[in-house]
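# Survey of secondary and tertiary structure
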Amino acid sequence: MSHDTHHHKESFISKYIFSHDHKMIAKQYLLTAIFMGAIGITLSALFRLKLGWPDDKFPILETLLGSDAAPEGLLNSNWYLGLVTLHGTIMVFFVLTGGLSGTFSNLLIPLQVGARDMASGLLNMIAYWLFFISSALMAVSLFIETGPAMAGWTIYPPLSVLEEFQSGSGLGMTLWLLSMTFFIASSLIGGINYIVTILNLRTKGMSMTKLPLTIWAFFITAILGVLSFPVLLSCAVLLLMDRGLGTSFYMSDIIGPESGALDATGGNPILYEHLFWFLGHPEVYIILLPALGMTSEIISTCSRKPIFGYRAMIGSMLAIGFLSFIVWGHHMFLTGMNPFLGGVFTFTTLLIAIPSAVKAFNYITTIYKGNVIMTPAMLFCIGSVSTFISGGVTGIILADSALDISQHDTYFVVGHFHIVMGMTAILGMFAGIYHWFPKMYGKMMNKRMGMVHFWATIVCGYGVFIPMHFLGEGGLPRRYYENTNFPMFDHFLDLNVMISIFATVGVIAQVIFFMNFFYSIFRGPVASLNPWKSNSLEWTTPVEHVHGNWPGEIPTVHRWPYDYSKPGKEEDFVPQHIPLTDDEEEH
Amino acid sequence: MGGKFIIIIVVALFFIAFIQLMKIYQLADKVRGQKSQEKITRNENMMMANLMLVFMCLFFGFTIWLIFKYGANSGLYEAATVHGKEIDDLLMFNWYIILPVFFITNFLLFFFSWKYYHREERKATFISHNNKLEFFWTVIPAIALSFIVIYGIKTWNSIMYNTEEGQVVEIYAYQFGWRVRYAGEDNILGKADYKLVSTTNPLGVITDKNIKATYAEIDAEVRSIDSILNANIDPVTGDYLLPKSKVTKHKEKQERLKRRKYRIKSGIDKGPLNDSIYAAANDDFEDDLELRLIKDQPYTFKIRSQDVIHCPWFPHFRAQINAVPGMETNFKLTPTTTTAEMREKPEVIEHYNNLYDRHQQRIEEYNIVETEPFTGLFDYVLLCNKICGAGHSNMQMKVVVETQEEYDYNVTFKKSEKKIIQSKIADFESKLISFEEGDNSGTDSISLVCRGEVDLVKEELKTFSEFQDKDLNNLKEEIKLSLKVEHEIKVINEESNSDLSVKQNLSRLVDNSSILNKEEIYNYISSTNDESLKNEAVNYFQEIVQNSLNTFSNNLNDFKVKFELKSNEIQNKINTLVKQELNQNEENRLTLSAENTSSNTTNDKVTM
Ligand code: HEM
Ligand SMILES: [Cu+2]
Ligand SMILES: [Cu+2]
């Protein structure tokens, strides 16, 4: 747009803080996400201590959380739920929605479609700062006396409505809702910006079918977000009104431990669940799709081979995106919803397995007969595809309403969603960071440490979450502060210790990443223009960031981004801006 | 404070060491060539590729090990309900499809990554798509999934659209526990409403008596709030001495109570018709300790919640459904295996022996005092499976499945005893209320007398139940102790040790016991290593327990007899008083109605 190549003098503040430049904003998102991620995984390590060693005291808990939360090093049960809730919220929303989309949509959309910046730099900046405020509010809620929100990341009412049900439903829940309101605003503004940029600002020749799959993924993700977050907003607003204004949208026939029988009648908590999961399910694809998009790009680049079935990949993403809006009821099979709906949602949910399977097979076929360079990013991608498969297959069980009767809300679910959503997306995000770090900071990250980081992460990840399936099959419910109240679960005592050890090691292993990341920003070797010999447009921009991305003309696009190892070419890659030769077929 | 300081120092040192290391590493890098971070060397590629295979083997091995060690439904065994078996079959069907897919696709992924790792001399094959192949792997999953969907929905429908009503039992969830209510002879649960919930009527069952009691309770509460407020008025200024927010809270509560009474009056209370409309409640009976079910008897559970969403979850039955406040959900099931039958299965015995050992190990390691010691016997349980607050992880109720005969003895018999006592008390109270409510001048003295009597009975009942509690606790203590002694003896036998440790063990044990005669235990057991004497010791303990049991049931009987006499006595007294009162009332009424009829007729004329 109007950002030509002019270089006006910028103050520190306008360059690093209130920047309108998408590359800077991407970095801001990434740093915020890394910070929140550090909190999120630390919380999981802390509450895993309680689950692994239920009778031991851990003075570190008191040091970190204060004596309200963990008197004498013994975590109390309200705070346990608080930690789980914040862990889930932070991971889902702040790291893998705000962080993942925010970082990579911002970084890659203008660079890969060939635009000088986002459609609106100002809105983009506002979106980031709303995200920042929202992150800060969420983090602050860990420090208040009554504790953070404790009703689980899904904050079902009535539990989340009255403080007398749970101490976290007081100020902690208010902060949670406030934070999420900012978050939703940020997502909407960001999402609209992404969509507009992709639709309007593509460079010459960049037709929709020449877009890299990353862009398609971000595009569909943004649409999902724009369509579903408003529903979450209304869901949260009604909840706020029930909490503060005495309405009863979600409340009926309730007796408070202190206030006695309440007036509320006629509302229904199931309404909340419908509204929440109408966002909630698309949300898991908001998390997954960007990771899958980046994985497609990196796998193709590092296998030196076109992505297999480019159109099928787009088609399956579109199918997944569409279907994700009509499956939310699979979270509610056992709420007392009409059983007929249960059957319908089983059907639609299992339909999603088809495009997902197509994606998995296409990844594998891309690697088949490739020439796979094991960069850290590629390793993470392979891991990500593996977890997508391993977590996807157990989804088939949970999609089956009849089986859900014996699996719902057990640790089987926890194992399933961590592998398919948590690990796939986190591994995908790491892949993205390792792959595009040179583009973000102009430096290289250390590859050896990246490799160690990958192996530690995948080993610990599977070590934590595969066993959880067996806990769930044994009937162990999730969100349990301790499993020792039921001697029937005592045969899992040792398995839980193992899980906690894997979790602790896994969390500590992330220190390797943090150090590599921050060290490389300042001291890493300077990157070359196109370190991975990749085809897409971002690698035609200079290593040093400039306003408007390309110092001269924006290149014109002549081909799709996956011409790797094309027969008849000398190099094993042909960037998108290289014109087709006369006798060359498109693909 | 010191701890924090040390942590900070360690972290700081760690970082400094790391930065130094990185510097050295990069120096070495520079020597090797500038762009070494961008190029993955042949060795590295090969190593990563090999690690892919190694990892795959470990990963598969780990999964297979877990499958063999735990498998599906670890520790839950074959489902103990009819529909549960269908679910298990469906689950196995799914696993047989899923596991091969899991292993094969993961294998292909890791195998290809290994096989096609980068070598300079190789070139990747340019394959952009293959419509046939893609069609093939869209259709194959679709076919497999249609089997899964059809089988799944069929099972779901057969569970959910089961029309057989069976016995009706209510399960009521609250923070943090369960109550159950059996529908009684008519198999219809009396209606309930949350506005009638109180300590004496925890399920809010609607009966005439409960409605009246609720009015009384509400009135009393309203009055008590008034008196609290009045007691806190500054005599000079006339302002409240309490903080404003507290005053508002009190007043709000008062208003709420008044509204509640109004809503009961206008919605639920049908006046003289109450007894006939809400008659279904009469034969219902409640329990908050355990849920007793009959083998092969179909059940319909009707599920309600008092406060937040809970979820009754019966892992052995493969049954759960949310308990949602303001809404009734239900679940139908038919238990097929009694608790006793489960306890006889060899695999259950073995598993529970192991569980017991692991449990005791933990108990001993951490010196945990259990309120309810684990017996090492199988039991069905009901637990909560929807996050509901601080006590979510300890919302449990014992579930017992038994034969019809056992059930008749355990439930019906117990129920009738408890009911008799309860209904007597209730009787007195309702009479009292009707006295107090009716505008009976001169009856105060009678009502006072009756109050006194009822209080007496209540007092009696309270001492009895305290007594009973104490008895029960003693009993529990003793059982626990005897279990401990047995265990101890087992250990001693296994060790076949020197006398010294026997004595040490025993003296430790004896020190811990406060109830039993220490001398005696000591003498009995420590005097010898002789098997028979030890057995004798065990017998001795069992005898003690048995004695306590006997005393307990004797006491219970004594009380029942005493109570029966006492309550008859009161009943008679009240009867005579009531009769007198009624006679007098009748007279009053006759004179009154004579007056009324005359005034009514005049009124009628005017309105017409
Ligand atoms: C170090 C890695 C992690 C560990 C050890 C871990 C462990 C756990 C555990 C033990 C729970 C509690 C389960 C329960 O009681 O219901 C949990 C909850 C959860 N985790 Fe993680 N997790 C990790 C990473 C992640 C990631 C990457 C995500 C991203 C999606 C994630 C998302 C969640 C969510 C959404 C919940 C549910 C919270 C709730 O029940 O409200 N976790 N995690
Ligand atoms: Cu979902
Ligand atoms: Cu509960």
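The model shown is predicted, which means the values in this text are computed figures rather than measured ones. (Residues numbered from 1 in each chain as written. Chains lettered and ligands numbered in written order. Predicted model: local features only at pLDDT ≥ 70, side-chain atom pairs only at ≥ 80, totals over all residues. Heavy atoms only, no water.)

### So, the site of ligand 1
Residues and elements named next belong to chain A. By nearness alone, 25 residues border ligand 1, and H87, W153, H418, R478 and R479 come closest of all. Side-chain polar atom of R478 to an oxygen atom of ligand 1: 2.9 Å apart, as the coordinates give it. Here an oxygen atom of ligand 1 sits 2.6 Å away from a polar atom, N or O, in the main chain of R479. Residue assignment for the shell around ligand 1 shows that the elements contributing at least two residues are α2 (22–52), α4 (77–113), α13 (411–441), α14 (447–473) and α15 (493–523). A breakdown of the residues in the shell around ligand 1 according to their chemical character gives 16 nonpolar, six polar and three charged. (Near = heavy atom within 4 Å. Polar contact = N/O pair within 3.5 Å; in protein donor to acceptor, adjacent residues only side chain to side chain. Helix = DSSP H or I, 4+ residues; strand = E, 2+ residues; numbered from the N terminus. Nonpolar A, V, L, I, M, F, W, Y, C, P; charged D, E, K, R; others polar.)

### As for helix α11 (residues 376–399) of chain A
Look at α11 of chain A: 34 Å from first C-alpha to last across 24 residues, which is about the 34 Å you get at 1.5 Å a residue. The element α11 of chain A is largely enclosed, with a buried count of 23 among its 24 residues. (Expected span 1.5 Å × (residues − 1). Buried < 20%, exposed > 50% of the residue type's maximum accessible area, 1.4 Å probe, protein only.)

### Brief notes about a negative patch on the surface
All names here are of chain B. A cluster of acidic residues, E78, E86, D89, E347 and E350, forms a negative patch at the surface. Counting only elements with at least two residues in the negative patch, the list comes to α3 (82–115) and α9 (346–365). Within the secondary structure, E350 is located in helix α9. (Patch = residues over 30% accessible without salt bridge, like charges linked within 9 Å, V, L, I, M, F, W, Y side chains within 5 Å. Areas by Shrake-Rupley, 256 points an atom, 1.4 Å probe, with all protein chains shown as cover. Salt bridge = Lys/Arg side-chain N within 4 Å of Asp/Glu carboxyl O. Lys, Arg positive; Asp, Glu negative; His and termini not counted. Charge placed at Lys NZ, Arg CZ, Asp CG, Glu CD.)

### Description of the coordination of the copper ion (ligand 2)
A four-donor tetrahedral metal ideally has 109.5 degree angles, and a six-donor octahedral metal ideally has angles of 90 or 180 degrees. Residues and elements named next belong to chain A. Around the copper ion (ligand 2), the protein contributes the donor atoms H281 (ND1), H330 (NE2) and H331 (NE2), at 1.6 to 2.0 Å from the metal centre. Each donor residue of the copper ion (ligand 2) belongs to the same chain, with the gaps between them written as H-x48-H-H. Note that H281 is positioned in helix α8 (residues 269–303) and H331 in the loop between α9 (310–323) and α10 (339–367), a separation of 50 residues in sequence. (Donors = N, O, S within 2.8 Å, 3.2 Å for Na, K, Ca; no water.)

### A closer look at the interface of chain B and chain A
Counting from both sides, the interface comprises 129 residues of chain B and, opposite them, 154 residues of chain A. Across the interface of chain B and chain A, roughly 12,400 Å² is buried in total on both sides, 67% from carbon and sulfur atoms. The tally of links between chain B and chain A comes to seven salt bridges. With its nearest N and O atoms 2.9 Å apart, the salt bridge here joins D494 of chain A to R358 of chain B. Between the two partners, chain B and chain A, sit 42 residue pairs in polar contact (both at pLDDT 80 or more). Here the residues of the side of chain B that touches chain A sort into 72 nonpolar, 37 polar and 20 charged. (Contact = heavy atoms within 4.5 Å. Buried area = accessible area lost by both parts, 1.4 Å probe.)

### Focus: the pattern of salt bridges
This model, assessed by the stated rule, comprises 32 salt bridges over all chains. Its salt-bridge partner being D21 of chain A, residue K23 of chain A comes within 3.3 Å of it at the nearest N-O pair. Exposure remark for K23 of chain A: the relative accessible area of 4% places this residue in the buried category. Between D284 of chain B and R181 of chain B there is a salt bridge, and its shortest N-O distance comes to 2.9 Å. Note that D284 of chain B is positioned in the loop between α7 (274–277) and β3 (285–287) and R181 of chain B in strand β2 (residues 177–182), a separation of 103 residues in sequence. Here the salt bridges do not stand alone but share partners, grouping R559, D563, K566, K569 and E584 of chain A into one network.

### Structural notes on the packing of helix α5 (residues 208–231) of chain B against helix α6 (residues 244–268) of chain B
Residue and element names in this part refer to chain B. Interaxial distance between α5 and α6 falls to 10 Å at its minimum, and their mutual angle equals 160°. Here α6 runs roughly antiparallel to α5, going by the angle between their axes. Between α5 and α6 the crossing geometry is left-handed. Contacts from I211, T214, Y215, I218, D219, E221, V222, I225, D226, I228 and L229 in α5 reach V247, H250, K251, K253, Q254, L257, K258, R260, K261, I264, K265 and I268 in α6. (Axes fitted to C-alpha atoms, helices over the stretch in contact; angles between N-to-C directions. Parallel < 35°, antiparallel > 145°, perpendicular 65-115°, else oblique. Left-handed = near helix turned anticlockwise from the far one by under 90°.)

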